[in-house]
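# Fold and contact review
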Amino acid sequence: SSTMKRALQTAEAINRYANVSIHVRRELREIEAGDYDKNGYEFIKELIKLEADIPYPNGECGADVWRRACQVLEEIEKTKYENIAIVAHGGTIRSIICGILGMPQSKRFFLGENLEHCSITHVMKVNERYFLQTFNDYTHLGSVI
């Protein structure tokens, strides 16, 4: 799980059913948006138009997030576990998906306009290749949202 409070709360809720150890990792935190709050949504609209993965002013870019999250994925792959749940955030999830599928990080903005809170993105690795099984699935939430 990310170290951020909302992710930890979600991991704890999941763990009521899984009853396993929760590993908390700073590398799974949300993308550092830097001065985004000062620049507002218009800045995001401009980023979406770009073909390059540039960082938020005084923040991170998708490649930065992928580099740090990739460390956790590499550690997970060394374990003997067959099923892993990662509790993270929309920007982090988008960067991970781009990274494992070999997509340019600049395309992360096109992976769902908004990711729903508590949605499930299911990735499967078969014979050293990743497959995106589901993305931003929130049907399990029913009429909650």
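See the structure shown above.
The structure contained in this document is the topic of the report that follows.

## Side note on the overall build of the protein
A count of helices and strands for the protein gives four helices and two strands. In the protein, the succession of α and β elements from N to C terminus is α-α-α-α-β-β. Across the 145 residues that make up the protein, the buried fraction comes to 30%. Of the contacts formed within the protein by residues at least 6 apart in sequence, a portion of 52% connects residues at least 24 apart. A total accessible area of about 9700 Å² is found for the protein, and carbon and sulfur atoms account for 51% of it.

## So, unusual backbone geometry
The phi torsion of most residues other than glycine is negative, and most of the peptide bonds are trans. Located in the positive-phi region is Glu128, a residue other than glycine, with phi close to 65°. Residue Glu128 is classed as exposed on the basis of its relative accessible area, which comes to 67%.

## Quick look at helix α1 (residues 5–18)
Here α1 contains 14 residues, and its C-alpha end-to-end distance of 19 Å stays within 8% of the 20 Å for a straight helix at 1.5 Å per residue. Looking only at α1, the buried set comprises Ala7, Ala11 and Asn15. For α1, the arc enclosing every buried residue in end-on projection is 75°, short of the 170-degree limit, so these residues lie on one face. Counted as exposed and oriented over 90 degrees from the buried face of α1: Lys5, Arg16 and Tyr17. Looking one or two residues past α1, Asn19 carries a phi angle of roughly 50°, positive in sign.

## With respect to the pattern of salt bridges
Per the stated rule, a full pass over the model turns up seven salt bridges. Glu75 serves as the salt-bridge partner of Arg25, at 2.5 Å between the closest nitrogen and oxygen. Within this pair, whereas Arg25 is found in the loop between α1 and α2 (36–49), its partner Glu75 is found in helix α3 (residues 62–77), the two being separated by 50 residues in sequence. The salt bridge partner of Arg68 is Glu60, with a shortest N-O separation of 2.7 Å. The pair formed by Arg68 and Glu60 is uniform in burial state, with each residue classed as buried. Each of the salt bridges in this network shares a partner with another, and the network as a whole consists of Arg25, Glu27 and Glu75.

## Focus: the environment of His117
Here His117 shows up in the loop between α4 (90–101) and β1 (120–126). Under the relative-accessibility criterion, His117 is labelled exposed at 63%. As a C-alpha pair, His117 and Ala7 span 110 residues in sequence and 9.7 Å in three-dimensional space.

What counts and what doesn't
Residues numbered from 1 in each chain as written. Predicted model: local features only at pLDDT ≥ 70, side-chain atom pairs only at ≥ 80, totals over all residues. Heavy atoms only, no water. Helix = DSSP H or I, 4+ residues; strand = E, 2+ residues; numbered from the N terminus. Buried < 20%, exposed > 50% of the residue type's maximum accessible area, 1.4 Å probe, protein only. Contact = heavy atoms within 4.5 Å. Areas by Shrake-Rupley, 256 points an atom, 1.4 Å probe, with all protein chains shown as cover. Expected span 1.5 Å × (residues − 1). Arc of directions from axis to C-beta. Salt bridge = Lys/Arg side-chain N within 4 Å of Asp/Glu carboxyl O.

Treat this as a map of the structure, not an account of what it does.
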